[in-house]
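# Commentary on secondary and tertiary structure
For reference, the chains in residue letters:
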Amino acid sequence: MSASINRTIVLASRPQGMPTEDQFRIQEEPIPAPAEEEVVVRSLYISVDPYMRNMMNNTSSSPIDQVIRGGAVGQVISSRSGKLREGDIVSGMWGWQEYAAVKADDLQRIDPDQAPISTALGVLGMPGLTAYFGLFDIGKPEPGETVVVSGAAGAVGTIVGQIAKLKGCRVVGIAGSEEKLNYLKDDLGFDAVVNYKSDAFDSQLKEACPGGVDIYFDNVGGPVSDAVIGLINQKARIPLCGQISTYNLDKVDVGPRIQPQLLMKRAMIKGFLVYEYEEQYPEAIVQLARWVQGEKIQYTETVLDGFERLPEAFLGLFEGSNTGKLLVKVAEVE
Ligand SMILES: NC(=O)c1ccc[n+]([C@@H]2O[C@H](COP(=O)([O-])OP(=O)(O)OC[C@H]3O[C@@H](n4cnc5c(N)ncnc54)[C@H](OP(=O)(O)O)[C@@H]3O)[C@@H](O)[C@H]2O)c1
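Since we're looking at a predicted model, the values are computed, not measured.

## Overview of the overall build of the chain
The helix and strand tally for the chain stands at nine helices and 15 strands. A globule of 334 residues ought to have a C-alpha radius of gyration of about 20 Å, and the chain, at 20 Å, matches this closely. Scored against the burial criterion, the 334 residues of the chain give a buried share of 53%. Considering only residue pairs separated by 6 or more positions, the chain has 67% of its internal contacts joining residues 24 or more positions apart. Summed over all atoms, the accessible surface of the chain reaches about 15500 Å², with 48% contributed by carbon and sulfur.

Following this line, the structure appears as structure tokens:
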């Protein structure tokens, strides 16, 4: 082990509204030693995800001066567990730290021959699983149906749209820049795309959905979702996945009352958290990996280099800086 100092990033103060970089602090401490049944991992990729913003409102899930928790991929550098060996590549929830001592039972071993290891945080990890279970278990897509996905160019949205296409649906993506719309249409094969920042968003959305909306995969909430829900068909399904447009609001958002629309359309809206499906993860990962290996679905990543860039990367989620999964690369595999 050449380095002896571990850097961690802690929450320095609780954000109100949009967080700022000075609300995070880098700390230095010695690299930990593993206790019995633990290993020490060196972080290779660390994930930034929108849910972390909600955690930061909560004193128990994100205490001040404590390391920001979240998904990461790393390499075992020392082990006191029979389950993992030095050199193994693993994923876990040790968060924003360069080195961490973690119970071997809390880690998943990654097969680097299956796909690039960073995909364990994206298409073959939590975001891919969210797309898979939200679309299939709640959306229940049928061939020929129209699926609208908001946050379409992000980690979850890119996978939702592509697997809906594989099921024979017509897919409409909503995102916030022309570059993202071109990517969705030209590279991922979405049937229609709409920029929610356009002044003509409502009419463009209507034009993109001439047969109405059968499934709305809601990643963003707010006025975007109000517009989509106005177009739903009879017996529409709405997997309620995320509400990123509201995460930095300091007052409760008020929009149109959607209940009459849901009632008259006999529609179903269902919130879900991917962790509910934990027991089914292995089978879903096998399917997603098959699609990736067979080039049936593509994935893209926006990768920032350098541990100290984690706060910058995280804030970028709320500015639309990413296409596909947003990650920070911390170190190379040794
Ligand atoms: N239910 C679950 O278990 C679960 C699991 C994972 C994720 N989620 C949720 O799913 C959503 C997507 O997550 P992700 O990891 O795939 O993130 P992501 O889409 O990769 O990144 C966030 C994207 O949201 C868009 N955005 C930011 N502010 C917005 C606003 N005010 N209005 C509309 N769009 C906005 C930006 O794209 P543009 O450039 O298009 O604005 C940004 O790139 C989030 O709401 C997240 O909380 C839920």
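Next comes the rest of the description.
## Some words on the site of the ligand
Taken together, 26 residues lie around the ligand, and Lys180, Tyr196, Tyr247, Val274 and Asn322 are the ones closest in. Taking Asn219, its main chain carries an N or O atom lying 2.8 Å from an oxygen atom of the ligand. Protein chains bury 91% of the 920 Å² of accessible surface belonging to the ligand in isolation. When contributions to the shell around the ligand are tallied by element, the ones reaching two or more residues are α2 (126-139) and α3 (155-166). Residues of the shell around the ligand, tallied by class, amount to 15 nonpolar, ten polar and one charged. Here the shell around the ligand spans two domains, since at least three of its residues come from each of domain 1 (5-122 + 300-329) and domain 2 (126-275).

## As for the environment of Gln293
Its place among the elements puts Gln293 in helix α8 (residues 281-293). In the structure, Gln293 is positioned 179 residues away from Gln114 in sequence and 8.1 Å away in space, judged by C-alpha atoms. Within the structure, Gln293 has its side chain in polar contact with the backbone oxygen of Gln114 (distance 2.9 Å).

## With respect to the nonpolar core
Counting 38 residues, the largest nonpolar core has Phe133, Leu135, Leu184, Leu288 and Ile297 as the members making the most contacts within it. Once residues lying within four places of it in the same chain are set aside, the contact partners of Ile297 are Val123, Ile159, Gln162, Ile163, Leu166, Leu288, Trp291 and Val292.

## Some words on the domain arrangement of the chain
The assigned domain composition of the chain is domain 1 (5-122 + 300-329) and domain 2 (126-275). A straight line from the C-alpha centre of domain 1 to that of domain 2 covers 29 Å. Between domain 1 and domain 2, the residue contacts involve 19 residues of the former and eleven residues of the latter. Between domain 1 and domain 2 lies a buried interface of about 1300 Å² when both sides are counted; carbon and sulfur atoms form 55% of it. Its largest share of buried area at the contact with domain 2, domain 1 owes to Gly122, Phe318 and Thr323, together 25% of the area lost on that side. Our count for the contact surface shared by domain 1 and domain 2 stands at five residue pairs in polar contact (both at pLDDT 80 or more). Within the side of domain 1 that touches domain 2, the residues separate by chemical class into eight nonpolar, eight polar and three charged.

Definitions and cut-offs
Residues numbered from 1 in each chain as written. Predicted model: local features only at pLDDT ≥ 70, side-chain atom pairs only at ≥ 80, totals over all residues. Heavy atoms only, no water. Helix = DSSP H or I, 4+ residues; strand = E, 2+ residues; numbered from the N terminus. Rg over C-alpha atoms; globule rule 2.2 N^0.38 Å. Buried < 20%, exposed > 50% of the residue type's maximum accessible area, 1.4 Å probe, protein only. Contact = heavy atoms within 4.5 Å. Areas by Shrake-Rupley, 256 points an atom, 1.4 Å probe, with all protein chains shown as cover. Near = heavy atom within 4 Å. Polar contact = N/O pair within 3.5 Å; in protein donor to acceptor, adjacent residues only side chain to side chain. Nonpolar A, V, L, I, M, F, W, Y, C, P; charged D, E, K, R; others polar. Domains from an automatic or database assignment. Core = buried A, V, L, I, M, F, W, Y, C linked by side-chain atoms within 4.5 Å. Buried area = accessible area lost by both parts, 1.4 Å probe.

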